[in-house]
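Structural characterization, general
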Amino acid sequence: MDMRKSRSESGASPLDGGSGRHHDWDSKRRRKMAEISQALSVTPVDVATLRRMAISEGGLLSDEIRRKVWPKLLNVQMDNLPEKPGEELRVNNKDYNQVLLDVRRSLRRFPPGMPDEQREGLQEELIDIILHVLQRNPQLHYYQGYHDIVVTFLLVVGERLATILVEKLSTHHLRDFMDPTMDNTKHILNYLMPIIDRVNPEVHDFMQQAEVGTIFALSWLITWFGHVLSDFRHVVRLYDFFLACHPLMPIYFAAVIVLYREEEVLECECDMASVHHLLSQIPQDLPYELLISRAGDLFVQFPPSELAREAAAQQEERTAASTFKDFELASTQQRPDTVLRRRRKEQVVAGREPGAVPKVAAGVVAVVRPRARRFVRLAVMGLTVALGAAALAVVNTALEWAPKLDLQLFP
Amino acid sequence: MESSVELSSSLPPPRSRIFKIIVIGDSGVGKTCLTYRFCAGKFPDKTEATIGVDFREKVIEIDGEKIKVQLWDTAGQERFRKSMVQHYYRNVHAIVFVYDITNAVSFQSLPAWIEECRQHSLGQDVPRILVGNKCDLRGAARVSTDVAQKFADSHSMPLFETSAKSPGDNDHVEAIFMTVAHKLKSQKPLALSQPPSGDGTVPLKKPTEDRGGYSCSC
Ligand SMILES: Nc1nc2c(ncn2[C@@H]2O[C@H](COP(=O)(O)OP(=O)(O)OP(=O)(O)O)[C@@H](O)[C@H]2O)c(=O)[nH]1
Ligand SMILES: [Mg+2]
């Protein structure tokens with residue numbers, strides 16, 4: 001599979017700098033690779049560092065590294081890879097026709113120079129992976145666009161590993177999209193406008209007035225941008241980011257794209273068609289590293305918990321509880337003991353005192369935070385390091401989440 | 001609200017009218033190909049699944065008047081209709097139902113699609129047409145013209161059989177959409193004007209509680 005390799009590996013600086021910066025990037029890159037190897041080689045694997053690497057500039061750098069790190073980010077064990085499914089998978093499968101139709105039309109997801117025969121083989125594998133996951137998880141429902149996500153995994157890690165990664169992803173990050181209806185997906189889309197409102201009320205009001213809705217971002221969200229970006233390198237870079245983050249991060253990224261285009265938006269005719277058209281045509285030359293760090297920034301500033309009420313108010317009151325279950329991903333059975341709980345509460349108080357600089361640094365929180373919550377903390381810490389944001393924000397954010405997580409994980 | 005006064009008191013010269021047409025039908029019947037053929041004049045080399053709603057438009061001329069035809073190409077998979085596509089049913093001027101003549105199921109789904117439109121309170125007065133696509137595959141036809149015609153009659157809509165890929169007559173797809181446009185033009189001489197929006201930007205004030213006061217009908 002040399003083809004795959006060459007697609008998303010690039011030695012070029014993501015910052016497109018001059019040759020001086022290029023040199024900089026080379027050494028940064030080398031340092032980063034060493035750090036990743038180091039994180040992979042310890043027992044247990046240093047997932048915190050891997051997350052940070054996946055988020056920070058350049059992401060995971062190469063497909064070779066992704067093959068090793070993505071499973072760790074998803075907390076997937078690689079020892080029992082599934083067997084190649086048999087023919088029976090395609091018989092009497094309610095989704096088979098739709099999957100076939102979508103995969104047949106997915107030519108653009110494959111490298112342009114790939115020989116037809118090879119592509120057709122991969123398309124068959126793509127169908128198998130999708131049906132395999134659906135068959136093993138009858139609670140999951142296929143949606144058009146799911147195939148755009150699966151193909152990314154297939155091209156990077158190959159069929160067998162892709163099957164388990166996608167299965168994990170489907171029961172976690174993508175879970176809401178795979179309900180029998182798209183109500184929860186709609187609910188997640190409802191986070192978009194409140195985020196935009198926080199940053200640029202003018203853009204928000206303009207969009208409201210145009211009644212553009214949020215469907216222009218639907219395919220972005222449910223395919224993790226795989227459906228709309230033509231450069232595979234950008235797609236995998238975003239996947240590094242999303243795999244390391246909270247499942248709502250794609251909606252923050254969507255908001256960041258809209259905000260990045262504020263001038264165009266405001267110059268657009270204020271009607272649904274024009275604005276929908278403008279926004280749904282995603283520019284292919286976006287500065288991804290910049291946007292990723294902005295999305296992380298917004299996430300820290302306006303965490304989902306803060307936006308939840310507004311999002312719910314966009315339609316009828318409802319909670320997409322399953323969205324938050326994702327935190328379980330990195331959790332173990334380890335339960336927080338009461339001492340830890342009490343200490344955390346003390347910190348909450350400290351952190352909330354207006355104007356007070358919390359004495360706790362992220363590193364301290366790590367000690368007292370129960371394991372189940374570490375997922376949250378790590379994701380945010382990864383962002384922080386990437387963004388150079390203050391530990392203060394991190395601590396506050398993580399603590400604000402805590403009550404919700406308690407309810408979810410320790411009823 | 002002051003801005004609404006601004007809007008209505010300084011009307012720019014009337015702009016071209018817009019006909020908004022929604023295209024619906026099962027996944028794979030060729031909605032994207034048909035709308036692409038009409039707007040770009042050719043069959044697309046590659047289409048992909050439509051996720052949500054895609055928008056295409058074309059300016060046409062009828063009796064010397066320039067008219068913008070907006071086509072809303074919707075996702076065929078059932079799950080998208082229920083909660084997603086809703087928003088786009090609003091204010092449509094015409095509906096194009098599409099089925100695939102080689103796929104009986106896509107024809108059997110039509111009553112559900114029609115019901116869907118009814119639920120979105122698109123009444124009988126909204127012009128509707130039925131298009132049987134993929135006629136280049138006559139040999140594989142599963143829906144006869146007779147049956148389709150009866151169905152169309154019973155719902156008082158005209159039936160067109162065509163092919164987005166190779167219509168016998170190259171302009172056939174275009175002719176179909178033009179028929180709809182003519183119908184709309186004769187039916188609603190004034191009701192369809194585009195709301196004025198000056199130089200393309202609408203004066204916006206800081207957000208206020210009562211956005212409803214805005215008389216922006218865009
Ligand atoms: N032979 C033939 N094939 C066609 C014709 N129109 C569309 N197709 C093919 O049918 C398949 C589906 O076409 P699309 O236009 O993508 O279908 P759609 O209705 O938009 O499907 P969704 O977006 O999933 O709802 C594609 O492979 C097209 O190439 C036609 O007139 N003749
Ligand atoms: Mg389509």
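Above this text is the structure in question.
Heads up: these notes are all about the structure in this document. Every value quoted in this text rests on a predicted model; they were computed, and no experiment measured them.

1. Section: empty space enclosed by the protein
Residue and element names in this part refer to chain A. What the rule picks out here adds up to four cavities of 30 Å³ or more. Its boundaries defined by the atoms lining it, the largest cavity holds a volume of some 70 Å³. Taken together, 12 residues line the largest cavity, and the ones lying closest to its centre are Arg109, Gly226, Leu229, Phe232 and Val235. Put simply, the parts of the chain that give the lining of the largest cavity at least two residues each are helix H7 (146-157) and helix H13 (232-244). Domain assignment of the residues forming the lining of the largest cavity places at least three in each of domain 1 (87-171) and domain 2 (183-321). Considered as a void within the structure, the second largest cavity measures approximately 40 Å³ in volume. Lining the second largest cavity are Pro82, Glu83, Lys84, Pro85, Asp128, Ile129, His132, Glu159, Arg160 and Thr163. Listed by contribution, the elements that provide at least two residues to the lining of the second largest cavity are helix H6 (116-136) and helix H8 (159-171).

2. Notes on the pattern of salt bridges
All names here are of chain A. Throughout the structure, instances matching the rule amount to 30 salt bridges over all chains. One salt bridge connects Arg66 with Asp240, and the closest N-O pair in it is separated by 2.8 Å. Here Asp240 lies in helix H13 and Arg66 lies in helix H4 (residues 63-73), a separation of 174 residues in the sequence. Accessibility assignment for this pair places Arg66 and Asp240 in one class, buried.

3. Concerning the environment of Glu267(A)
In this structure, Glu267(A) sits in helix H15 (residues 262-267). Distance from Glu267(A) to Ser230(A), taken between C-alpha atoms, is 26 Å for residues 37 residues apart in sequence.

4. Some words on the site of ligand 1
Around ligand 1, a shell composed of 23 residues is seen, among which Arg105(A), Ser27(B), Lys31(B), Thr32(B) and Asp136(B) lie nearest. Looking at the residues close to ligand 1, they fall on chains A and B. Its free accessible area being 650 Å², ligand 1 has 89% of it covered by the protein chains. The element that contributes the greatest number of residues to the shell around ligand 1 is helix H2 (residues 31-40) of chain B, accounting for three residues. Split into classes, the residues belonging to the shell around ligand 1 amount to seven nonpolar, 10 polar and six charged.

Quick notes on the rules
Residues numbered from 1 in each chain as written. Chains lettered and ligands numbered in written order. Predicted model: local features only at pLDDT ≥ 70, side-chain atom pairs only at ≥ 80, totals over all residues. Heavy atoms only, no water. 1 Å grid on protein atoms, 1.4 Å probe; cavity = no way out; pocket = protein on both sides within 12 Å on 5 of 7 lines; lining within 4 Å. Points joined across faces, edges and corners; volume = space filled by probe spheres on them. Helix = DSSP H or I, 4+ residues; strand = E, 2+ residues; numbered from the N terminus. Domains from an automatic or database assignment. Salt bridge = Lys/Arg side-chain N within 4 Å of Asp/Glu carboxyl O. Buried < 20%, exposed > 50% of the residue type's maximum accessible area, 1.4 Å probe, protein only. Near = heavy atom within 4 Å. Areas by Shrake-Rupley, 256 points an atom, 1.4 Å probe, with all protein chains shown as cover. Nonpolar A, V, L, I, M, F, W, Y, C, P; charged D, E, K, R; others polar.

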